[in-house]
Amino acid sequence: MSFVTGVGLTSYGKHEGLSSLDLMSKAAELAISDAGLKRSDIDGILCGYSTVSPHIMLATVFAEHFGIRPSYAHAVQVGGATGLAMTMLAHHLVDAGVAKHVLVVGGENRLTGQSRDASIQALAQVGHPDYEVTLGPTIPAYYGLVATRYMHEYGLTQEDLAEFAVLMRKHALTHPGAQFHEPITVADVMASKPVAMPLKLLDCCPVSDGGAACVISREPTRERRVRIRGCAQAHTHQHITAAPALSELGAEISIAKAKAASGIAISDVRYAAVYDSFTITLAMLLEDLGLAGRGEAAARVRDGYFNGDGEMPLNTHGGLLSYGHCGVGGAMAHLVEAHLQMTGRAENRQVRDASIALLHGDGGVLSSHVSMFLERVR
């Protein structure tokens with residue numbers, strides 16, 4: 001058993017003059033304070049990678065920078081799934097008695113600390129070095145290919161995909177830390193410049209500076225109690241040329257295993273935090289996870305199903321698409337928001353009931369998946 005005892009999140013956007021380690025430190029301090037702990041209480045550290053500050057020992061580099069001496073330190077990298085993968089590992093570590101309080105942290109100054117070309121080059125390495133990278137595709141290009149196929153198979157339109165961007169922006173408007181606070185419409189998404197058709201600029205997450213962190217503990221440290229009820233992973237492929245059929249991707253595998261581990265059904269879930277690097281990512285994952293039928297997620301968005309006051313509130317902070325994306329910390333913001341919702345601290349974004357939350361992270365091109373259920377206990 002383990003509990004999410006504290007969370008910390010910076011605003012996302014531009015943080016001039018702050019390094020990855022600085023942003024990670026800001027988030028870590030917030031999370032430790034939120035848990036009611038001191039830095040000296042942290043005996044485990046899990047650190048996500050940074051493309052701006054690559055290092056073969058980033059976890060211990062951060063520990064030194066932050067001023068802690070953990071008995072366990074590890075760096076993790078499975079793309080966008082890293083935040084939840086680290087949380088899952090922390091859950092296992094405290095459950096096994098290896099550590100009492102594990103700090104999970106990720107952050108980057110990806111917007112101000114890295115040129116556009118360097119960022120594109122770093123992310124392009126997700127492709128196969130012989131069969132893909134040499135042809136020059138970018139991450140949006142891979143997801144554009146996936147989107148084209150998915151639209152063909154399930155009848156989605158570009159306007160359908162635009163609905164997800166509009167929803168995430170609507171939610172971001174209510175969060176002061178979000179990178180974007182200008183409302184958008186389906187027409188705005190359709191009119192935005194092409195990036196990798198059918199994906200346009202507003203179908204894609206931005207590049208951001210920011211940091212996020214959480215503390216996973218063996219026992220609760222405050223009266224509010226949010227425990228990790230069950231979690232699972234799936235890794236079906238690394239490269240898109242080796243990917244299985246769209247109906248056999250890893251999200252379906254990981255969610256089935258997480259449901260079995262937790263004893264929770266999708267019908268029990270009251271809040272959803274789902275990875276949304278692109279509109280197609282969110283559409284596919286919602287359907288893979290069983291939160292909508294095949295080809296039906298966009299209709300549910302239009303009907304208000306995923307609104308803050310809807311039946312299944314989704315990414316109420318604005319997600320990667322509008323709160324922002326700073327690498328590993330990007331998806332960890334989903335976990336922070338889920339915890340705030342579950343503990344009644346989401347202020348003007350507070351939903352009616354977030355007693356059971358489903359979180360899902362995706363790394364690579366739908367390559368690595370982590371599904372997790374959180375439960376509020378009295």
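Refer to the structure printed above.
The present account deals with the structure reproduced in this document. Computed from a prediction, not measured in an experiment: that's the story for all the values here.

To continue, consider the overall build of the chain. Scanning the chain from N- to C-terminus turns up 12 helices and 11 strands. Against the globule reference of 21 Å for 378 residues, the chain gives a C-alpha radius of gyration of 19 Å, in line with a compact fold. C-alpha atoms of the chain, sized along the principal axes, occupy 55 × 45 × 40 Å. A total of 378 residues make up the chain; the buried ones form 58% of that total. Expressed as a percentage of contacts within the chain between residues at least 6 apart in sequence, the contacts between residues at least 24 apart total 76%. With an accessible surface of roughly 14400 Å², the chain has 52% of that area assigned to carbon and sulfur atoms. Separation of charge centres in the chain, based on 30 positive and 37 negative side chains, amounts to 6 Å.

Bringing the pairing of strand β1 (residues 3–9) into the picture now. Counting buried residues along β1, 7 of its 7 residues qualify, which places the element largely inside the surrounding structure. As paired elements, β1 and strand β7 (residues 209–217) share 6 bridges and run antiparallel to each other. Among the inter-strand pairings, G6 is bridged to a residue of β7, identified as V215.

Moving on to the nonpolar core. With 52 residues, the main nonpolar core has V274, I280, L286, L291, F306 and L314 as its most contacted residues. Sorting the residues of this core by element identifies α5 (139–154), α6 (158–172), α8 (250–262), β9 (271–274), α9 (279–288), α10 (297–302), α11 (319–323) and β10 (356–363) as the ones contributing at least two each. Sequence-distant contacts of L286, that is, excluding residues within four places in its chain, are made with F164, V274, L291, A292, A297, F306 and L314. V4, A99, C231 and A357 belong to the second-largest nonpolar core, a separate cluster that totals 46 residues.

Time to look at the side chain of N307. Positionally, N307 belongs in the loop between α10 and α11. What makes N307 buried here is its relative accessible area of 16%.

Time to look at the packing of helix α1 (residues 20–34) against helix α2 (residues 58–66). One way to put it is that α1 packs onto α2 with a least axis distance of 10 Å and a crossing angle of 70°. Of the possible angle classes, the one that applies to α1 and α2 is roughly perpendicular. When you trace α1 past α2, the crossing you get is right-handed. The residues of α2 that touch α1, namely those facing L21, D22, M24, S25, A28, E29 and I32, are L58, V61, F62, H65 and F66. Grouping the amino acids of the contact of α1 with α2 by side-chain chemistry returns 8 nonpolar, 2 polar and 2 charged.

The next thing to look at is unusual backbone geometry. In this model, M197 is joined to P198 through a cis peptide bond whose omega is 10°. Relative to the assigned elements, P198 resides in the loop between β5 (194–196) and β6 (199–200). Of note, the phi angle at N315 is positive, near 45°, even though the residue is not glycine. With respect to the helices, strands and loops of the structure, N315 is situated in the loop between α10 and α11. Look at N315 and you get buried, because its relative accessible area is 0%. Unusually for a residue other than glycine, L366 sits at a positive phi of about 55°. Relative to the helices and strands, L366 is located in the loop between β10 and β11 (368–376).

Estimates place the volume of the second largest pocket at around 200 Å³. Forming the boundary of the second largest pocket are 13 residues, of which L9, H175, V336, L340 and R349 lie nearest the centre. Those elements that provide at least two residues to the lining of the second largest pocket are β1 and α12 (328–342). Per-element accounting of the lining of the second largest pocket gives the leading share, 3 residues, to β1. Looking at the lining of the second largest pocket residue by residue, the class counts come to 8 nonpolar, 2 polar and 3 charged.

What the rule picks out here adds up to 5 aromatic pairs. With 5.2 Å between their ring centres and 15° between their planes, F62 and F66 make a pair best called stacked. Here the residue F62 and the residue F66 both occupy positions in helix α2, the gap between them amounting to 4 residues, near one helical turn. Take F62 and F66: they sit in the same class, and that class is buried. Residues Y305 and F306 carry aromatic rings whose centres are separated by 5.0 Å and whose planes lie at 90° to one another, so their mutual orientation is edge-to-face. Of the two residues examined, Y305 and F306, each falls in the buried class. Across the ring face of F66, the terminal group of R39 is positioned such that the distance to the ring centre comes to 3.8 Å. The ring of Y305 carries R300 above its face, with NZ or CZ at 4.1 Å from the centroid.

All right, on to the side chain of H175 then. Here H175 shows up in the loop between α6 and α7 (186–191). Judged by relative accessible area, H175 falls into the buried class, the value being 11%. Here the side chain of H175 touches G177 through a polar contact of 3.0 Å, landing on its backbone nitrogen. Contacts of H175, omitting those with residues within four sequence positions, involve H181, H317, Y323, E337 and R349.

Here is what the cut-offs are and how they apply
- Residues numbered from 1 in each chain as written.
- Predicted model: local features only at pLDDT ≥ 70, side-chain atom pairs only at ≥ 80, totals over all residues.
- Heavy atoms only, no water.
- Helix = DSSP H or I, 4+ residues; strand = E, 2+ residues; numbered from the N terminus.
- Rg over C-alpha atoms; globule rule 2.2 N^0.38 Å.
- Buried < 20%, exposed > 50% of the residue type's maximum accessible area, 1.4 Å probe, protein only.
- Contact = heavy atoms within 4.5 Å.
- Areas by Shrake-Rupley, 256 points an atom, 1.4 Å probe, with all protein chains shown as cover.
- Lys, Arg positive; Asp, Glu negative; His and termini not counted.
- Charge placed at Lys NZ, Arg CZ, Asp CG, Glu CD.
- Pairing = 2+ DSSP bridges.
- Core = buried A, V, L, I, M, F, W, Y, C linked by side-chain atoms within 4.5 Å.
- Axes fitted to C-alpha atoms, helices over the stretch in contact; angles between N-to-C directions.
- Parallel < 35°, antiparallel > 145°, perpendicular 65-115°, else oblique.
- Left-handed = near helix turned anticlockwise from the far one by under 90°.
- Nonpolar A, V, L, I, M, F, W, Y, C, P; charged D, E, K, R; others polar.
- 1 Å grid on protein atoms, 1.4 Å probe; cavity = no way out; pocket = protein on both sides within 12 Å on 5 of 7 lines; lining within 4 Å.
- Points joined across faces, edges and corners; volume = space filled by probe spheres on them.
- Phe/Tyr/Trp six-rings, centres within 6.5 Å; stacked < 30°, edge-to-face > 60°.
- Lys NZ or Arg CZ within 6 Å of the ring centre and 35° of its normal.
- Polar contact = N/O pair within 3.5 Å; in protein donor to acceptor, adjacent residues only side chain to side chain.

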